[in-house]
Amino acid sequence: MTSSTPEAPVRGASTTSHWGAYRAVTGPDGGLEIVPHPADPDPSPLLGNVASALRHPTRVARPAVRRSWLERGPGPRERRADEEFVEVGWDEALDLVAAELDRVRRVHGNQAIFGGSYGWASAGRFHHAPGQLRRFLNTVGGCTTSRNSYSLGTSLVLLPHLVGDAEQVLRRASTWPTIAAHTELIVAFGGLPGKNVHVTPGGVTRHITTGHLRALTADIALVSPIRDEAPAGARWYPLRPGTDTALMLALAHTLVSEDLHDRAFLDRCTTGFPEFARSLEGRDAEWAAPICGVPAADIRDLARRMARSRTLLTVTWSLQRTEYGEQPVWAGLALAALLGQIGLPGGGFGHGYGSMGDVGDPGPAGPAVRLPYLPQGRNPVEAFIPVARIADMLLHPGERFDYDGAVHTYPDIRLVHWAGGNPFHHHQDLNRLRRAFARPDTIVVHEPYWTATARHADVVLPATVTLEREDLGSGRRDTHVIAMHRAVEPYGEARDDYAILAALAARLGTEAQFTEGRTARQWVEHLYASWGGGPPFEEFWAAGEVELGTGPGTRTGTASPTRTGTASPTGTETGGPAPDESADDDGTLFAAFRRDPEANPLRTPSGRIELYSGTIASFGYDDCPGHPVWREPSEWRHVGRYPLHLIADQPATRLHSQLDVGAVSRAAKVAGREAIHLHPLDAAERGIAAGDVVRVFNDRGTCLAGAVLNTNLRRGVVRLPTGAWYDPLGDTCVHGNPNALTADRPSSRLSQGCTGQHALVQVERLDGDPPPVTVLEPPVLRKAAR
Ligand code: PGD
């Protein structure tokens with residue numbers, strides 16, 4: 001591990017973000033210029049949102065309290081978000097929040113406080129808002145929390161049953177160089193979407209994935225309703241959305257019926273092949289063809305090519321963000337097992353190539369370095385929800401729910417405390433979420449911006465953004481640890497989440513426990529020292545970074561804490577031990593297992609890959625039985641009225657909803673709304689031209705969007721990315737947030753994951769003047785009359 005030379009001049013402030021490291025430099029006109037890290041071969045276009053959003057009028061300048069809450073006190077509110085706010089001083093706001101936290105814990109118990117607070121927040125090992133909030137709430141008696149993530153909520157529950165832990169497939173995938181060297185055929189279910197690979201939780205300094213994608217020489221079978229989700233030259237299988245499992249089962253059927261499966265591998269390394277094979281009866285290519293829209297001959301041909309090539313079968317994370325989302329992951333793994341290549345370099349099963357920048361990234365030389373983290377303390381409250389069950393919890397206290405083989409009960413939440421996330425972007429069926437957010441007595445939100453979540457709060461506490469504070473940052477496969485310098489003063493009266501929570505802790509008598517007597521700067525120094533991975537702190541800070549894995553004897557961080565805690569919302573870093581770093585780094589941990597399954601068993605009941613899981617079967621879930629199955633999505637019953645299949649995927653112009661007011665995100669809007677892509681023939685049938693404002697609707701709600709015509713879509717498919725700031729007018733989002741349309745329906749009783757990826761809708765041209773977008777202006781704010 002080496003640092004940049006300390007004598008090298010530090011130009012501007014170094015920092016990092018989930019979409020890349022950069023320096024903030026004062027330009028000739030006094031404005032801030034964002035300069036990508038010099039080692040980054042492919043800086044993210046998302047950097048273009050940073051400067052333009054920094055001082056946008058939608059920043060929250062001062063603490064604000066909903067007038068009715070201030071005047072009448074806590075209680076359910078039918079019309080939260082429609083009432084005005086009053087700006088108050090910090091002391092008053094903090095006194096109010098501390099008193100309310102105290103009231104709720106005394107009267108209702110700590111489980112009545114929801115601190116699940118899901119969200120990506122900002123990069124930085126210390127100032128990670130949800131981690132800060134949980135640490136604080138743990139000092140005051142704990143809270144109800146959330147488990148897993150919106151990204152991977154289904155796989156994180158499923159994969160441990162199949163392969164022992166999720167890390168096996170998520171973090172130990174074949175790297176891009178290995179794929180380049182060995183793989184002959186990539187069968188990419190969900191594609192290899194280049195738009196997502198600029199993002200890695202916690203930061204990334206060298207973006208190398210786009211380069212690797214462009215350089216791929218393997219044949220690519222792109223299985224997706226969207227053509228431009230793989231490098232040029234891929235063969236497109238434009239299947240009907242949500243039918244990948246049917247296609248996979250038919251591919252498996254072909255392999256087995258033509259005796260192309262690897263019996264020796266199945267015997268040695270898997271369990272449950274007989275049950276799986278029996279379940280394939282009747283699932284042949286003719287059966288699948290009308291379901292998925294891929295001709296039977298193409299299915300058979302693809303299966304044969306897979307059997308004669310070194311084949312990497314990949315499944316994007318988006319495919320499990322659907323109803324029955326377990327099935328494409330399980331069927332994909334089973335299909336790869338039939339090919340017998342799991343554990344071979346460049347072969348087998350991968351999950352998340354193209355979903356996130358670090359999947360396939362070899363990272364720094366040598367095994368992964370463990371990053372410093374902020375300890376979270378202990379939460380004595382046992383109540384939790386799978387993260388995407390937030391609205392069910394708020395609407396149905398006391399009701400029971402299934403989760404991973406057990407039955408749990410929703411607690412009665414009186415106070416919601418959120419920092420670092422935007423549920424009015426990330427949750428499904430936002431009209432239902434509004435009804436759910438009407439129920440608690442109090443909602444407290446820390447936010448830099450007047451997002452819809454802030455607008456639904458009773459108390460809004462203005463938070464700083466990265467460029468206004470000090471931290472250290474690095475992502476999972478990052479090549480650098482970056483010193484995150486403060487570049488500008490906080491906006492208005494904004495404070496760091498840490499400062500806000502320390503002030504609340506002081507009022508509740510836990511300041512010493514929360515702060516351990518350290519300032520934010522001292523925490524940053526402490527985390528750096530406890531990591532033990534680089535030169536003295538002053539040297540690191542002056543250089544702006546430490547580069548990892550560049551020389552012998554550089555990996556000195558092994559005694560440091562595991563990567564649990566603060567920098568990732570994906571749920572894989574929020575608890576549990578770090579991955580076993582002694583195992584093979586490339587070709588996956590499956591390599592050791594494959595070599596000798598008896599000596600290196602998986603942590604499954606059988607020690608092998610479970611094509612049939614007796615454990616899952618024993619749960620008796622009709623929506624997730626003991627082996628992979630095809631189930632028709634329940635949404636399809638609406639196909640008569642809502643014939644278009646909406647894909648609500650990740651946006652290319654921002655991270656989720658972050659910095660939607662930034663220049664790159666704004667430039668991509670059409671008629672000021674989020675762009676919806678339609679096939680030209682679907683548009684023509686509806687009299688829609690490019691640039692028109694359209695109504696996209698179903699029984700759950702409506703949103704307005706700007707039409708873009710796109711021949712890269714399968715007919716009948718429309719694409720509206722997530723993340724436009726929700727701007728409700730009645731049940732219509734006038735700005736184009738697709739979660740006004742998606743269903744708040746769990747993937748299954750097993751995982752209860754989010755299913756926001758798909759919905760059925762109708763689209764029509766909006767005639768007349770569309771209502772204005774209002775979310776780009778701050779809400780009406782009154783001054784406190786005292
Ligand atoms: P972000 O827009 O990143 O979305 O959901 P998530 O809530 O993570 O929200 C982060 C918020 O934190 C922003 O409002 C930002 O301003 C705020 N913030 C940033 N830094 C700080 C800070 O330091 N302090 C405080 N207090 N706040 C801060 C993302 C989620 O959406 C995810 S991960 C996925 S994968 C899902 N994807 C889909 C999908 O594919 N389809 C649909 N329909 N819906 C989805 N929703 C999910």
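Basis of the calculations
- Residues numbered from 1 in each chain as written.
- Predicted model: local features only at pLDDT ≥ 70, side-chain atom pairs only at ≥ 80, totals over all residues.
- Heavy atoms only, no water.
- UniProt positions renumbered as here; feature names shortened; annotations may be inferred.
- Salt bridge = Lys/Arg side-chain N within 4 Å of Asp/Glu carboxyl O.
- Helix = DSSP H or I, 4+ residues; strand = E, 2+ residues; numbered from the N terminus.
- Buried < 20%, exposed > 50% of the residue type's maximum accessible area, 1.4 Å probe, protein only.
- Pairing = 2+ DSSP bridges.
- Axes fitted to C-alpha atoms, helices over the stretch in contact; angles between N-to-C directions.
- Contact = heavy atoms within 4.5 Å.
- Near = heavy atom within 4 Å.
- Polar contact = N/O pair within 3.5 Å; in protein donor to acceptor, adjacent residues only side chain to side chain.
- Areas by Shrake-Rupley, 256 points an atom, 1.4 Å probe, with all protein chains shown as cover.
- Nonpolar A, V, L, I, M, F, W, Y, C, P; charged D, E, K, R; others polar.
- Domains from an automatic or database assignment.
- Buried area = accessible area lost by both parts, 1.4 Å probe.
- Phe/Tyr/Trp six-rings, centres within 6.5 Å; stacked < 30°, edge-to-face > 60°.
- Lys NZ or Arg CZ within 6 Å of the ring centre and 35° of its normal.
- Core = buried A, V, L, I, M, F, W, Y, C linked by side-chain atoms within 4.5 Å.
- Expected span 1.5 Å × (residues − 1).

- The name that an unreviewed UniProt entry assigns to the protein is Biotin transporter BioY, with the source organism given as Planobispora takensis.
- In its Cofactor (unreviewed entry) section, the UniProt entry covering the protein states "Mo-bis(molybdopterin guanine dinucleotide)".
- The heading Sequence similarities (unreviewed entry) in the UniProt record of the protein holds the text "Belongs to the prokaryotic molybdopterin-containing oxidoreductase family."

## Topic: the pattern of salt bridges
Working step 1: With the rule as written, the count across this model stands at 54 salt bridges.
Working step 2: Ionic pairing is found between Arg 507 and Asp 91, a salt bridge with its closest N-O pair at 3.4 Å. With a gap of 416 residues between them, Arg 507 in helix H19 (residues 497-507) and Asp 91 in helix H3 (residues 90-108) connect regions that are remote in the sequence.
Working step 3: For Arg 507, a relative accessible area of 32% puts it in the partly exposed group.
Working step 4: For Asp 91, a relative accessible area of 52% translates into the label exposed.
Working step 5: One salt bridge in this structure joins Arg 389 and Asp 392, with 2.9 Å as the shortest N-O distance.

## Focus on the sheet that holds strand E13 (residues 311-315)
Working step 1: One open sheet accounts for 5 strands, arranged E11-E10-E9-E13-E14; its pairing is parallel. Each edge of the sheet is formed by a strand with only one pairing partner; in this case those strands are strand E11 (235-237) and strand E14 (348-351). Sheet twist, expressed as the mean angle between neighbouring strand axes with direction ignored, is 20 degrees.
Working step 2: Note that E13 and E14 share 4 bridges and pair parallel. Across the sheet, Leu 313 pairs through a bridge with Phe 349, a residue of E14.
Working step 3: Against the sheet, helix H9 (residues 244-257) touches strand E9 (185-189), strand E10 (219-223) and E13, its axis set at about 145 degrees to E9.
Working step 4: Here helix H14 (residues 326-339) sits on the sheet and contacts E13 and E14; the angle it forms with E14, its principal contact strand, is near 155 degrees.

## Quick notes on the site of the ligand
Working step 1: Around the ligand, the surrounding shell holds 34 residues, and the nearest of these are Ser 122, His 426, Glu 447, Asp 497 and Ser 657.
Working step 2: Between Glu 447 and the ligand, the recorded distance is 2.4 Å, taken from a side-chain N or O atom to an oxygen atom.
Working step 3: Contact with the protein chains removes 98% of the 920 Å² of surface that the ligand exposes when unbound.
Working step 4: Residue assignment for the shell around the ligand shows that the elements contributing at least two residues are helix H16 (423-426) and strand E19 (442-447).
Working step 5: Class assignment of the residues belonging to the shell around the ligand gives a composition of 9 nonpolar, 21 polar and 4 charged.

## Focus: the pairing of strand E18 (residues 415-419)
On a regular strand, each side chain points to the face opposite its neighbour's, so the side chains alternate between the two faces of the sheet.
Working step 1: By the criterion of burial, E18 is predominantly enclosed, with 5 of the 5 residues buried.
Working step 2: Neither face of E18 is open: one carries Leu 415, His 417 and Ala 419, the other Val 416 and Trp 418, and all of them are buried.
Working step 3: Taken together, the 2 bridges between strand E7 (residues 113-114) and E18 define a ladder with parallel strand orientation. Bridge pairing in E18 links Phe 114 to Val 416.

## A closer look at the domain arrangement of the protein
Working step 1: Along its sequence, the protein is carved into domain 1 (64-151 + 376-564), domain 2 (155-354 + 590-619) and domain 3 (637-765).
Working step 2: The straight-line distance from the C-alpha centre of domain 2 to that of domain 3 is 28 Å.
Working step 3: Taken together, the contacts link 29 residues of domain 2 with 24 residues of domain 3.
Working step 4: The three residues of domain 2 that bury the most area against domain 3 are Lys 195, Pro 241 and Arg 321, which together make up 27% of that side's buried surface.
Working step 5: Remark: the boundary between domain 2 and domain 3 carries 3 salt bridges.

## Looking at H19
Working step 1: Burial of H19 is extensive: 8 of the 11 residues sit out of reach of the surface.
Working step 2: Those residues of H19 that fall on the buried side of the exposure criterion are Asp 497, Tyr 498, Ile 500, Leu 501, Ala 502, Ala 503, Leu 504 and Ala 505.
Working step 3: Of the residues flanking the end of H19, it is Gly 509, one or two places downstream, whose phi is positive at about 80 degrees.

## Some thoughts on the packing of aromatic side chains
Working step 1: What the rule picks out here adds up to 25 aromatic pairs.
Working step 2: Measuring from centroid to centroid gives 5.0 Å for Phe 85 and Trp 450, while their planes differ by 50 degrees, and the two rings are tilted. Pair noted here: Phe 85 is in strand E6 (residues 85-87) and Trp 450 is in the loop between E19 and helix H18 (452-455), with a separation of 365 residues, a long-range link.
Working step 3: Using a relative accessible area of 1% as the deciding quantity, one classes Trp 450 as buried.
Working step 4: Judged by centre distance (5.5 Å) and plane angle (50 degrees), the rings of Phe 619 and Tyr 621 are tilted.
Working step 5: An aromatic cluster of three or more residues is present, and its members are Phe 114, Trp 418, Phe 424, Phe 437 and Tyr 726.
Working step 6: Here the basic side chain of Arg 240 rests over the ring of Trp 636, its NZ or CZ set 3.7 Å away from the ring centre.
Working step 7: Cation over ring: Arg 521 sits above Trp 541, and NZ or CZ is 4.8 Å from the ring centre.

## Description of the sheet that holds strand E2 (residues 13-17)
Picture the strands of a sheet paired through backbone hydrogen bonds; they go either parallel or antiparallel.
Working step 1: One open sheet holds the 3 strands; their spatial order is E2-E3-E4, and the pairing between them is antiparallel. Looking along the sheet, the strands with just one partner apiece sit at the ends: E2 and strand E4 (32-36). Within this sheet the neighbouring strands show an average axis-to-axis angle of 35 degrees, counted without direction.
Working step 2: Note that strand E3 (residues 20-26) and E4 share 5 bridges and pair antiparallel. Note on E4: the bridge partner recorded for Tyr 22 is Pro 36.

## Details of the environment of Pro 462
Working step 1: In this fold, Pro 462 is placed in strand E20 (residues 459-462).
Working step 2: A sequence separation of 16 residues divides Pro 462 from His 446, and the C-alpha atoms of the two residues are 5.9 Å apart.
Working step 3: Beyond its immediate stretch of four places on either side in the chain, Pro 462 contacts Val 60, Ala 61, Arg 62, Pro 63, Trp 90, Glu 447, Glu 493, Ala 494, Arg 495 and Ile 500.

## Focus on the nonpolar core
Working step 1: Of all hydrophobic cores here, the largest spans 162 residues; its most connected members are Phe 189 and Ile 609.
Working step 2: Beyond its immediate stretch of four places on either side in the chain, Phe 189 contacts Val 223, Asp 244, Leu 247, Met 248, Leu 251, Leu 313, Thr 314, Val 315, Thr 316 and Leu 319.
Working step 3: If you look at the next biggest cluster of nonpolar residues, it comprises 51 residues, including Trp 90, Val 104, Ala 112 and Leu 374.

## Section: the environment of Ile 299
Working step 1: Among the structural elements, Ile 299 can be located in helix H13 (residues 296-308).
Working step 2: Measuring from C-alpha to C-alpha, the distance between Ile 299 and Ala 252 comes to 9.9 Å, with 47 residues separating the pair along the chain.
Working step 3: Apart from residues lying up to four places away in sequence, Ile 299 is in contact with Leu 247, Ala 250, Leu 251, Ala 285, Ala 288, Ala 289, Cys 292 and Val 294.

## So, H13
Working step 1: Across its 13 residues, H13 extends 19 Å between first and last C-alpha, which sits within 8% of the 18 Å expected from 1.5 Å per residue.
Working step 2: Every buried residue of H13 is accounted for by Ala 296, Ile 299, Leu 302, Ala 303, Arg 305 and Met 306.

## A look at the environment of Ala 463
Working step 1: Within the secondary structure layout, Ala 463 lies in the loop between E20 and strand E21 (471-473).
Working step 2: Using a relative accessible area of 2% as the deciding quantity, one classes Ala 463 as buried.
Working step 3: Separated by 17 residues in the primary sequence, Ala 463 and His 446 have C-alpha atoms spaced 5.8 Å apart.
Working step 4: Leave out the neighbours within four places in its chain, and Ala 463 touches Arg 59, His 446, Glu 447, Pro 448, Ala 494, Arg 495 and Asp 497.

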